[in-house]
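Below, each chain spelled out in residue letters.
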Amino acid sequence: MSEVNCKRMPIVCILILCISLMAGAAGNQSDKDIDFLGRWEIMLDATETQSTKNSCWLEISKKDKGLDARMLWRWGSPLDVDSAQVRDGELELVQTQNHENKPYSVIYRARIEYGHIVGLVTYPWDGSRHHFWGRPWKGDSSGQGEKWGEPVDLFNGIDLSNWRLRNPAVQSKWYVEDGVMTNIVKDVNLVTEQVFDDFKLEVEFKLDKGSNSGVYLRGRYEVSLLEDYNRPPTLTGNGAIYGRIQPTENASKPAGEWQKFEATLIGRQVTVVLNGKKIIDNQIIEGITGGALSSAESTPGPILIQGDHGKVYFRKIRLTPLLHE
């Protein structure tokens, strides 16, 4: 538009200029959004009550003209975030959390630095500040192998020589009696000394009435063990990938009876057979489950047994690795 025309139509020119600036800002905002899109393997600084770093998970995707986000923060199941937006290159997530039965709005803020996400969260119930950082999920490092290796008995029926405590500062009361490994009602978690990539895991277990436990594949994906005989299948039920994949049916046996599950994990694809019934068939695990040892999903990890939720018994824990050429 010529200078003469602009002088004659100042209001139109101003409107065109404003629209152009808004469009440019929207374009820049969209570009900033792209930096945060995808899945992130997050680690959270240790807290006063937790001496080790905590594993978390975050997924951000486009939604209409804005952002949508889900997160798993330390424990529990992945939840939708109340709001997600990027302003001036900073990601802001707002999520309602319950602390001691009171709801709080928790705000997470983060930036991208050298391809990594770096952020800070302040817990409103006590004012404590915690740094977190993470890397983008790079995809599965494992593919289909050609053959299985030799089975390894992770429990030898005699002692706990293949296992260590997740928290060595706490006294464990796990013990072995008559070829069965068991715990007290509230005990610590056990972790294998070895780490594994792709494998098939066979576990024979028994639960007391009202009890529950879990076996973490690679220390990241919990196969839930729950005394839930004759109840509908749930995301947290027996044989579920806790909070991630619900079994197609409830194949549980009553409390006090020996049960068996077989879990085959290749990359993030999992199949679970419980008491002879296939309840999860080659499904993708979208991310870590609550209480994971690490959020680095593309690396090998140990087997973890949950001992702090109830009485559980094991008489067989056998792992067969998948060999990759």
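Calculation notes
- Residues numbered from 1 in each chain as written.
- Predicted model: local features only at pLDDT ≥ 70, side-chain atom pairs only at ≥ 80, totals over all residues.
- Heavy atoms only, no water.
- Phe/Tyr/Trp six-rings, centres within 6.5 Å; stacked < 30°, edge-to-face > 60°.
- Helix = DSSP H or I, 4+ residues; strand = E, 2+ residues; numbered from the N terminus.
- Buried < 20%, exposed > 50% of the residue type's maximum accessible area, 1.4 Å probe, protein only.
- Pairing = 2+ DSSP bridges.
- Contact = heavy atoms within 4.5 Å.
- Polar contact = N/O pair within 3.5 Å; in protein donor to acceptor, adjacent residues only side chain to side chain.
- Salt bridge = Lys/Arg side-chain N within 4 Å of Asp/Glu carboxyl O.

Asker: Any chance you could break down the packing of aromatic side chains for me, citing the residues and the numbers?
Answerer: Per the counting criterion, the structure on display carries seven aromatic pairs. A ring pair is formed by tryptophan 73 and phenylalanine 132, whose centres lie 5.2 Å apart and whose planes are at 90°; its orientation type is edge-to-face. Placement of tryptophan 73 in strand 3 (residues 66-73) and of phenylalanine 132 in strand 9 (residues 129-136) is noted, with a sequence separation of 59 residues between them. The same class applies to tryptophan 73 and to phenylalanine 132, which are both buried. Taking the centre distance of 6.4 Å and the plane angle of 65° together, the rings of tyrosine 108 and phenylalanine 132 count as edge-to-face. Note that tyrosine 108 is positioned in strand 7 (residues 102-113) and phenylalanine 132 in strand 9, a separation of 24 residues in sequence. Neither tyrosine 108 nor phenylalanine 132 differs from the other in exposure class; each is buried.

Asker: Requested: an account of the sheet that holds strand 22 (residues 304-305), with residues and values cited.
Answerer: With antiparallel pairing, the five strands of this open sheet are ordered in space as 12-15-22-17-18. The open sheet has two edge strands with one neighbour each: strand 12 (163-165) and strand 18 (221-226). Of the pairings in the sheet, the one linking strand 17 (residues 212-217) to strand 22 comprises two bridges and is antiparallel in character. By the bridge assignment, valine 215 is partnered in strand 22 with isoleucine 305.

Asker: Break down the environment of threonine 96 for me, with residues and values.
Answerer: Inspection of the secondary structure puts threonine 96 in strand 6 (residues 90-99). Setting aside anything within four residues of it in sequence, one finds threonine 96 in contact with Asp82, Pro103, Tyr104 and Ser105. Among the polar contacts listed, one links the side chain of threonine 96 to the side chain of aspartate 82, at a separation of 2.7 Å.

Asker: Go over the pattern of salt bridges with me, naming the residues and quoting the values.
Answerer: Per the counting criterion, the structure on display carries 16 salt bridges. With its nearest N and O atoms 3.4 Å apart, the salt bridge here joins aspartate 80 to arginine 70. Taken together, the residues span a long stretch of sequence, with aspartate 80 in strand 4 (residues 79-80) and arginine 70 in strand 3 at a distance of 10 residues. Between glutamate 202 and lysine 316 there is a salt bridge, with the nearest N and O atoms lying 3.6 Å from each other. Placement of the pair is glutamate 202 in strand 16 (residues 199-207) and lysine 316 in strand 23 (residues 312-323), with a sequence separation of 114 residues. Of the two residues examined, glutamate 202 and lysine 316, each falls in the buried class. In the salt-bridge network here, residues are joined through shared partners; they are Arg87, Glu90, Glu92 and Arg109.

Taken by themselves, the reported measurements are silent on function.
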